[in-house]
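# Structure at a glance
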Amino acid sequence: MVKTALEAVMRVGIPTEVHPGERRVAATPDTVGKLIKLGFEVSIQSGAGEGAKLADAAYAEAGAEVVQDVNALWAESDIIIKVRSPETDPADGTDECERLREGGWLISMIQPATNGPLVERLAARKSTVIALDQIPRISRAQKMDVLSSMANIAGYRAIIEAANHFGSFFAGQITAAGRTRPAQVMVIGAGVAGLAAIAAARGLGAEVSAFDVRLAAKEQVESLGARFLELEFPADEGGETSGGYAKIMSKEFIDAEMALFAEQARKVDIIVTTALIPGRKAPLLITKEMVDSMKPGSVVVDLAAEQGGNCGYTECDQAVEAGGVTVIGYTDLTSRLATQSSQLFGTNLVNLLSDMTTDGVCAIDLEDEVVRKSMILRDGEVTWPPAPDPEKAAAPSTAPDAAKPASPAQKPAPVEDSGPSSMPMVLTALVGAAAIYVGLDESMSIFVQQLTVFVLACFVGWQVVWNVTAALHTPLMSVTNAISGIIIVGGMLQAGNPDAGELAQILGAVAILVASINIAGGFLVTQRMLAMFRK
Amino acid sequence: MIALTANQLAVPYLIAGVLFIMSLSGLSTQETARRGNVFGIIGMAIAMGATFLASGLEINALLMGAVVLGGAVGAALAARVVMTGMPQLVAILHSFVGLAAVLVGISTYMSHPDSGAVHAIEVWLGVAIGAITFTGSVVAWAKLRGSLSGTPLLLPGRHLLNLVMLVATVGLLVPFLDASLSEGLTLLYIMTAITCVMGIHLVLAIGGADMPVVVSLLNSYSGWAAAASGFMLNNNALIITGALVGSSGAILSFIMCKAMNRSIWNVVFGGFGTDSGGASAPAAAGDQGEVTEIDSDSCAEELLAAKRVIIVPGYGMAVARAQHMVNDLTRILRDRGVEVRYAIHPVAGRLPGHMNVLLAEAGVPYDVVLEMDEINDDFPKTDVVLVIGANDIVNPGAQTDTSSPIYGMPVLEAWKSSMVVIFKRGMGAGYAGVANPLFFHDNSRMLFGNAGDTVAQLVSNLRER
């Protein structure tokens, strides 16, 4: 295939992030190397990696051209990759969209649902735009899912921030200087960030409980060693949308949920909230009252601060103190781990571009679900939202594949097989009875009848007694004891039989005596015992 | 006055039989258990009332006096027994059924000496089972009371002895079938004596820890004795009831054996805890490391710091009558927000369900008292386990030490919790005579002393806080 110069060599440009406090960068020297290997040329703005402690020299060594002038970088690049959506550069007041070459490509976060004007400005540049936040949550796209990568880091960092503000150990310790209790951590929302927070808190030794409206999260939470908090609620609401995110729940559900949080708030030391509903203001889950009820020194980390916050006291980008409780609303948690974030972000981008490149040509392929769904603009034409799929996408697996707990140690084999298997016994009894019946002559018909009654009664007893709960085995014994006093009937028949002879009558009477002890004693003591069992 | 003929008598007996079945099925849950007992009483009243009305029955002072006197004695026994003495009471009541069966059998033979071979065999069987039940239960009663030592008495050649007695019992039946009344009676007395000795010998050879099985086995025997008398007297009420009781006791024995991972033959003839356990066990205790003691004060501290506590009671709690104190402990902890539950091993105590009865007596709500299978998975999530007077049922060696005599017995996995506090009088081994590695675990703490005193001390420590 003859490649045109343009097709063959596309230049990827990486500008410095202009958002105040943003320290991430869309590529690291490592990912630059991979891009070059894919056949791209790479330009990077000088100082782009500074926030992530990545030097220009390292980029140059990896093969990137370090460009001093930001406008030249944008103008010369075919594809601009960056972290945050374009915005006004505070340094010179230019809109980054203006810098984008006409007809150029942009790959970054966009949030098209809430950023309508931005999409219009980009459309005016006749650009082709892929929104990283719109990459579908399908298994194949996980390697490009920057939201997951970033959430993972944010969840981890949330615990680190909490630990920083928390005045005690996370792990319980028994030391020479006394005993400390493990910190109690509650995580709300067991998405990627929530699970990462659980893992980090567990790693530090805390006791962790977690809540999520999606019951499917239970297994994932428990696999990380945390307790899953469940609502006493008719669970006909599966809180999951086709995209694997939480949806809005009914009022009753929310009331039950809030009661749970209020109860937990009094007990726990640290709360991490990660509840976000895509395209909406974050739900208020931890009210001011709940924070006030927390122990002094407790910490709340609100990962939803950017979208309004899950906590009543949350202030965006601030750590505020309310009655001794620190409420952290940082939105730059990923920037606080800029080197790692940049590496993961950059790798996601390499994976995306790698998928888009066939035989060395990077192109838009609308057959590709990932591209189709994440593309916002194509040559200035708005292509978002994409046409809905005819069928619901396969259930996404958003959780890391946490190893299942190892199966419990093998138990010694029991002597007998478990479970009462009454069938063989029944068959034996039936066969035995049949054999006896056949072997007896007609004069024994009374005995045969007795035997029938006996076998049936054994069978009924067998059936009935298996249902007796173990706690009642002693009363069972005393009551069977009492009813086996029925032998008194035999004694009565003998004692009251004038033809039996005196000695036989006396023996019968003694039998009555002992059997009545049994009857009275057995029933009364059973009554006494049963009266004690109470709930 | 109406007199019921034999056929008419069958109706109330049938009703009584059905009531007894309903009585047993009522015991399947705590909610219906009391109703079950009432059904049993009604059934018994109907059976006795109908028998009084049987045609040809002469109601004399002897008969009435015996019923009244026996009833009064029984009522007095039942009213006075303490719950920790329940195993003894149950055992002695079994012996009464056995004795009654023997007496009825002999009496029946006296009045109908030659009613054919089948009848003779029925008499023989009823008397034999009755005699074993009678003396066996008396020995079990004495052992449970402590009048006899709990250690098994193992005569040399005891299996042979049993076999000889069994052969003699069966062998004497042959002349008995054709004997005249006086000869027959002599044979019957000899056989009764042999089976009485057999009952004594069998139960003497069984160790104290196996008493739950023995008591339920004797329960079963008492039922079979009643059923045999029913055949003998051609009385369906006796047959049905005997069969019910017999199968009930058999099931209980089976459950107990399964809980110890042993077969019924092993329990009855094994002489457990001596040939295999005695030699290796207490001696092995010395070289396992050191135990860590804890005092009542620190234990109270641990309990208040805990979130989930499981109490494992054993026979030691029954002996020390500590169940009320344990309940106080539970209440204090629950008031402080600590979750307290009980784990009951099927063979804890000396009677099936013994611990449940004691805890119920003390007022512990039954829904926090859980069976082994229900609670065993929860130990890893538990902060503190209190083992009160239990030993073998929390022995980790049962799962790991193939040379242990209790290897394979399902046990409560107390050692998987964060901390185990063991209330114990001293370092003695349990009834099985097996060393318990649990005591030497890092997370185990020993609280030495009589369980009654140590728990009381703990309760007062907790109250002060």
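Residues numbered from 1 in each chain as written. Chains lettered and ligands numbered in written order. Predicted model: local features only at pLDDT ≥ 70, side-chain atom pairs only at ≥ 80, totals over all residues. Heavy atoms only, no water.

### Section: the nonpolar core
Counting residues in each nonpolar core, the largest one holds 192 residues, and the members touching the most others are B:Leu188, B:Leu303, B:Val312 and B:Leu386. Residue contributions to this core peak at 15 residues, all from helix H4 (residues 86–111) of chain B. Sequence-distant contacts of B:Leu188, that is, excluding residues within four places in its chain, are made with B:Ile106, B:Tyr109, B:Val123, B:Trp124, B:Val127 and B:Phe176. One finds A:Val42, A:Tyr59, A:Val350 and A:Leu353 within the second-largest nonpolar core, a separate group that totals 44 residues. (Core = buried A, V, L, I, M, F, W, Y, C linked by side-chain atoms within 4.5 Å. Buried < 20%, exposed > 50% of the residue type's maximum accessible area, 1.4 Å probe, protein only. Helix = DSSP H or I, 4+ residues; strand = E, 2+ residues; numbered from the N terminus. Contact = heavy atoms within 4.5 Å.)

### Focus on helix H10 (residues 251–267) of chain A
Residues and elements named next belong to chain A. For H10, spanning 17 residues, the distance from its first C-alpha to its last is 25 Å, which sits close to the expected 24 Å at 1.5 Å a residue. The set of residues buried in H10 consists of Phe-253, Glu-257, Met-258, Leu-260, Phe-261, Gln-264 and Ala-265. All buried residues of H10 lie within an arc of 165° about the axis, which places them on one face of the element. Residues of H10 that are exposed and angled more than 90 degrees away from the buried face: Lys-251, Glu-252 and Arg-266. On its buried face, H10 sits against strand E9 (184–188), strand E10 (207–211), strand E11 (227–228), strand E12 (270–273) and helix H11 (288–293). (Expected span 1.5 Å × (residues − 1). Arc of directions from axis to C-beta.)

### Examining unusual backbone geometry
Glycine aside, residues mostly have negative phi, and peptide bonds are mostly found in the trans state. In the Ramachandran plot, A:Lys53 falls in the positive-phi region, its phi being about 60° despite a non-glycine side chain. Position of A:Lys53 among the secondary structure elements: in the loop between strand E2 (41–45) and helix H3 (56–62). Overall, the relative accessible area of 73% leaves A:Lys53 in the exposed class. In this structure, B:Asn234 is a non-glycine residue whose phi angle is positive, near 55°. By the element assignment, B:Asn234 lies in the loop between helix H8 (211–233) and helix H9 (236–259).

### Some points on the packing of aromatic side chains
Overall, the coordinates contain eight aromatic pairs over all chains when judged by the stated rule. Note on A:Trp462 and A:Trp466: the rings are 5.7 Å apart at their centroids and 85° apart in plane angle, and the pair reads as edge-to-face. With a centroid separation of 4.8 Å and an interplanar angle of 35°, the aromatic rings of B:Tyr109 and B:Phe176 are classed as tilted. Of this pair, B:Tyr109 sits in helix H4 while B:Phe176 sits in helix H6 (residues 158–178), and the two are 67 residues apart along the sequence. Relative accessible area serves as the criterion here: at 2%, B:Phe176 is assigned to the buried category. Clustering of aromatic rings is evident, with ring pairs tying together A:Phe454, B:Trp224 and B:Phe231. Cation over ring: A:Arg336 sits above A:Tyr330, and NZ or CZ is 3.7 Å from the ring centre. (Phe/Tyr/Trp six-rings, centres within 6.5 Å; stacked < 30°, edge-to-face > 60°. Lys NZ or Arg CZ within 6 Å of the ring centre and 35° of its normal.)

### Here we look at helix H15 (residues 354–362) of chain B
Residue and element names in this part refer to chain B. The buried count for H15 comes to eight of nine residues, which makes it a mostly enclosed element. Inspection of H15 places His-354, Met-355, Asn-356, Val-357, Leu-358, Leu-359, Ala-360 and Ala-362 among the buried residues, and these make up the whole buried set. Gly-363 sits one or two positions beyond H15 and adopts a positive phi of about 95°.

### Considerations on the pattern of salt bridges
Across all of its chains, the model carries 29 salt bridges over all chains by this definition. B:Arg341 serves as the salt-bridge partner of B:Glu339, at 3.2 Å between the closest nitrogen and oxygen. Overall, B:Glu339 belongs to the partly exposed group, its relative accessible area being 36%. For B:Arg341, a relative accessible area of 17% corresponds to the buried category. Connected through salt bridges with shared partners, the residues A:Glu22, A:Arg24, A:Arg84 and A:Glu306 form a single ionic network. (Salt bridge = Lys/Arg side-chain N within 4 Å of Asp/Glu carboxyl O.)

### A short note on the confidence of the model for chain A
All names here are of chain A. For chain A, the mean per-residue pLDDT works out to 83, and 85% of the residues sit at or above 70. Below pLDDT 50 for its whole length, residues 1–6 participates in three contacts with residues either more than four positions away or in separate chains. Contacts of residues 390–421 to residues separated by more than four positions or lying in other chains number 32 contacts, the stretch itself having pLDDT below 50. (pLDDT = per-residue confidence, 0-100.)

### As for a negative patch on the surface
A cluster of acidic residues, B:Glu371, B:Asp373, B:Glu374 and B:Asp377, forms a negative patch at the surface. Assignment of secondary structure puts B:Glu371 in strand E3 (residues 369–371). (Patch = residues over 30% accessible without salt bridge, like charges linked within 9 Å, V, L, I, M, F, W, Y side chains within 5 Å. Areas by Shrake-Rupley, 256 points an atom, 1.4 Å probe, with all protein chains shown as cover. Lys, Arg positive; Asp, Glu negative; His and termini not counted. Charge placed at Lys NZ, Arg CZ, Asp CG, Glu CD.)

### Examining the interface of chain B and chain A
Listed as interface residues are 115 residues of chain B and, on the opposing side, 93 residues of chain A. A combined buried area of about 9200 Å² lies between chain B and chain A, and 73% of that area is made up of carbon and sulfur atoms. Taken as a group, B:Leu27, B:Asn37 and B:Ile251 account for 7% of the area that chain B buries against chain A, more than any other trio of residues on that side. Summed over the shared surface of chain B and chain A, the number is two salt bridges. Linking chain B with chain A are 22 residue pairs in polar contact (both at pLDDT 80 or more), by the criterion used here. When the residues that make up the side of chain B that touches chain A are grouped by side-chain class, the tally is 66 nonpolar, 35 polar and 14 charged. (Buried area = accessible area lost by both parts, 1.4 Å probe. Polar contact = N/O pair within 3.5 Å; in protein donor to acceptor, adjacent residues only side chain to side chain. Nonpolar A, V, L, I, M, F, W, Y, C, P; charged D, E, K, R; others polar.)

### Digging into a nonpolar patch on the surface
Where nonpolar side chains cluster on the molecular surface, the patch consists of B:Leu160, B:Leu163, B:Val164, B:Leu166, B:Val167 and B:Val170 and spans about 570 Å² of accessible area. With respect to the helices and strands, the residue B:Leu163 is situated in helix H6.

### A word on the side chain of B:Ser417
All names here are of chain B. You can see Ser-417 is positioned in the loop between helix H17 (397–400) and strand E5 (419–424). You can call Ser-417 buried: its relative accessible area is 4%. A distance of 2.8 Å separates a polar side-chain atom of Ser-417 from the backbone oxygen of Ala-414. Excluding residues within four positions of it along the chain, Ser-417 makes contact with Phe-379, Thr-382, Val-385 and Asn-443.

### Points about the sheet that holds E3(B)
Residues and elements named next belong to chain B. Pairing is parallel across the open sheet formed by six strands, whose spatial order is E3-E2-E1-E4-E5-E6. Strands with a single pairing partner mark the edges of an open sheet, and in this sheet they are E3 and strand E6 (444–448). In this sheet, adjacent strand axes meet at a mean angle of 25° when their direction is disregarded. Bridge count for strand E1 (residues 308–313) against strand E4 (residues 384–388) is five bridges, and the pairing is parallel. From the neighbouring strand, Val-309 faces E4, where its bridge partner is Val-384. Along the sheet, helix H12 (residues 296–305) makes contact with E1, E4, E5 and E6, crossing E4 at roughly 135°. (Pairing = 2+ DSSP bridges. Axes fitted to C-alpha atoms, helices over the stretch in contact; angles between N-to-C directions.)

### Quick notes on empty space enclosed by the protein
Residues and elements named next belong to chain B. Enumeration over the complete set of coordinates arrives at three cavities of 30 Å³ or more. Considered as a void within the structure, the largest cavity measures approximately 80 Å³ in volume. Lining the largest cavity are Ile-132, Gly-199, Leu-202, Val-203, Ile-206, Val-214, Leu-217, Leu-218, Tyr-221 and Val-268. Elements that contribute at least two residues to the lining of the largest cavity include exactly helix H7 (181–204) and H8. Looking at which element gives the most residues to the lining of the largest cavity, the answer is H8, with four residues. Class assignment of the residues belonging to the lining of the largest cavity gives a composition of nine nonpolar, one polar and no charged. (1 Å grid on protein atoms, 1.4 Å probe; cavity = no way out; pocket = protein on both sides within 12 Å on 5 of 7 lines; lining within 4 Å. Points joined across faces, edges and corners; volume = space filled by probe spheres on them.)

### Focus on the pairing of E6(B)
Residue and element names in this part refer to chain B. Within E6, four of the five residues are buried, which leaves it mostly tucked inside the rest of the structure. Judged from the five bridges that link them, E5 and E6 form a sheet pairing that is parallel. Within the sheet, the bridge partner assigned to Val-421 lies in E6 and is Arg-445.

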